[in-house]
Amino acid sequence: MPINKEKYTSIIDELDSRAVLVAVSKMKPVEDILELYQLGQRHFGENYVQEMTEKKSKLPADICWHFIGHLQSNKVKLVAPFVYLIHGVDSLKLLQEIDKQAGKLHKVIKVLLQVHIAKEETKFGLDENELEAILNKNQLLPLKNICIAGLMGMASFTGDTRIIENEFRQLKTIFEKYAQCSFPNTQFQFLSMGMSSDYRIALENGSNMVRIGSLLFGAREK
Ligand SMILES: *Cc1c(COP(=O)(O)O)cnc(C)c1O
């Protein structure tokens, strides 16, 4: 299926540099990614390690690769050499592993902590207590090879826009609370929220990074 160029242009206009567009290309071929790249898109998001590393090897080097899936600790070393931003960090253990692998490469890897805002049990992420437990000065101090660059969240899968709005608003409030604090190796910059179905609501509620797949690339096969 061809990519939706008109939609891409209209989303870029709509974002109007208020938010970074991460084009979510999971399960889509490199040809589609290249087409969007040729229109100027540079930020792409992938959910699976092997898929991302394979695509990375076949595509232009100036693409910023966002890992937006659930990253297993034992796979961190595969993405560490090139990943631009890891969105879904939801444990101290994973944070420490990213720090370790980044250290070996003498670099700093930017990450977002994933906060659980949806009602559904199935979605990954930290609740507010767990987030607070991670954002601890002594604990973060030795992690010199990571930068916690903000938060990421996913709203409930529902047609009820008030629920979605509430969840995004809640995440924005948490973001602002911690953005004012100063933690070691932390510099809040990105609030990653909003997907194809709810990115407008996310933007209205303070998102500055949206992750959009199916609107650009068409529906994914299950
Ligand atoms: C797949 C995915 C997206 C994109 O979803 P669309 O509905 O296709 O826009 C965004 N964020 C995450 C975490 C995803 O897994």
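Our subject is the structure listed above.
Since we're looking at a predicted model, the values are computed, not measured.

Enquirer: In this structure, what is going on with a negative patch on the surface? I would like to understand it.
Expert: A grouping of D127, E128, E130 and E132 is seen on the molecular surface, where their side chains present a negatively charged patch. Mapped onto the elements, E130 comes out in helix α6 (residues 128-134).

Enquirer: What should I look at first to understand the site of the ligand in this one?
Expert: Of all residues adjacent to the ligand, which total 13 residues, the nearest are K26, N47, S196, S214 and R220. Look at the ligand: alone it shows 390 Å² of surface, and the protein chains cover 90% of it. Secondary-structure elements contributing two or more residues to the shell around the ligand are β6 (146-154) and β8 (209-212). Here the shell around the ligand is composed, by residue class, of six nonpolar, four polar and three charged.

Enquirer: Explain helix α8 (residues 161-179) here, please?
Expert: The periodicity of an α-helix, 3.6 residues per turn, causes residues three or four places apart in sequence to face the same way. Between its terminal C-alpha atoms α8 stretches 26 Å, which fits the 27 Å expected from 19 residues at 1.5 Å a residue. Taken together, the buried positions of α8 are I164, E167, F168, L171, I174, F175 and Y178. The buried residues of α8 occupy one face: seen down the axis, they fall within an arc of 115°. Summarising the geometry of α8, the exposed residues directed more than 90 degrees from the buried face are R162 and T173. If you follow the buried residues of α8, they end up packed against β5 (109-116), α6, β6, β7 (186-193) and α9 (199-204). Its side-chain oxygen 3.0 Å from the backbone nitrogen of R162, D160 forms the N-cap of α8.

Criteria and thresholds
The residue numbers shown here count from 1 along each chain, following its written sequence. In keeping with the model being predicted, local features are shown solely for residues with a pLDDT of at least 70 and side-chain atom pairs are shown and tallied solely at 80 or more, while totals for entire chains, interfaces and linings include all residues. The basis for the side-chain values is all heavy atoms of the structure; hydrogens and waters are excluded. What goes into a patch is any residue over 30% in relative accessible area without a salt bridge, connected to like charges within 9 Å or, for nonpolar side chains (Val, Leu, Ile, Met, Phe, Trp, Tyr), within 5 Å. Areas reported as accessible are Shrake-Rupley estimates using a 1.4 Å probe. Residue values count occlusion only from the protein chains shown. One side-chain nitrogen of Lys or Arg within 4 Å of one carboxyl oxygen of Asp or Glu is enough to make a salt bridge. His residues and chain termini do not enter the charge count, which takes Lys and Arg as positive and Asp and Glu as negative. Just so you know, the charge point we use is NZ for Lys, CZ for Arg, CG for Asp and CD for Glu. Here a strand is any run of E in DSSP of at least two residues, a helix any run of H or I of at least four, and the numbering for each starts at the N terminus. Being near a molecule or strand, for a residue, comes down to having at least one heavy atom within 4 Å of it. Basically, the charged four are Asp, Glu, Lys and Arg, the nonpolar ten are Ala, Val, Leu, Ile, Met, Phe, Trp, Tyr, Cys and Pro, and anything else, Gly included, counts as polar. To estimate the expected span of a helix, count its residues, drop one, and scale the result by 1.5 Å. Throughout this description, buried means an accessible area under 20% of the type-specific maximum (1.4 Å probe, protein chains only), exposed means over 50%, and partly exposed covers the range between. When we speak of the arc, we mean the arc of directions from the helix axis to the C-beta atoms. Throughout, a residue-residue contact means that at least one pair of heavy atoms, one from each residue, lies within 4.5 Å. In the analysis that follows, any N or O atom pair within 3.5 Å is treated as a polar contact, provided that within protein one partner can donate a hydrogen and the other can accept it, and provided that, for residues neighboring in sequence, both atoms belong to side chains.

Keep in mind that these numbers describe shape and distance, not what the molecule does.
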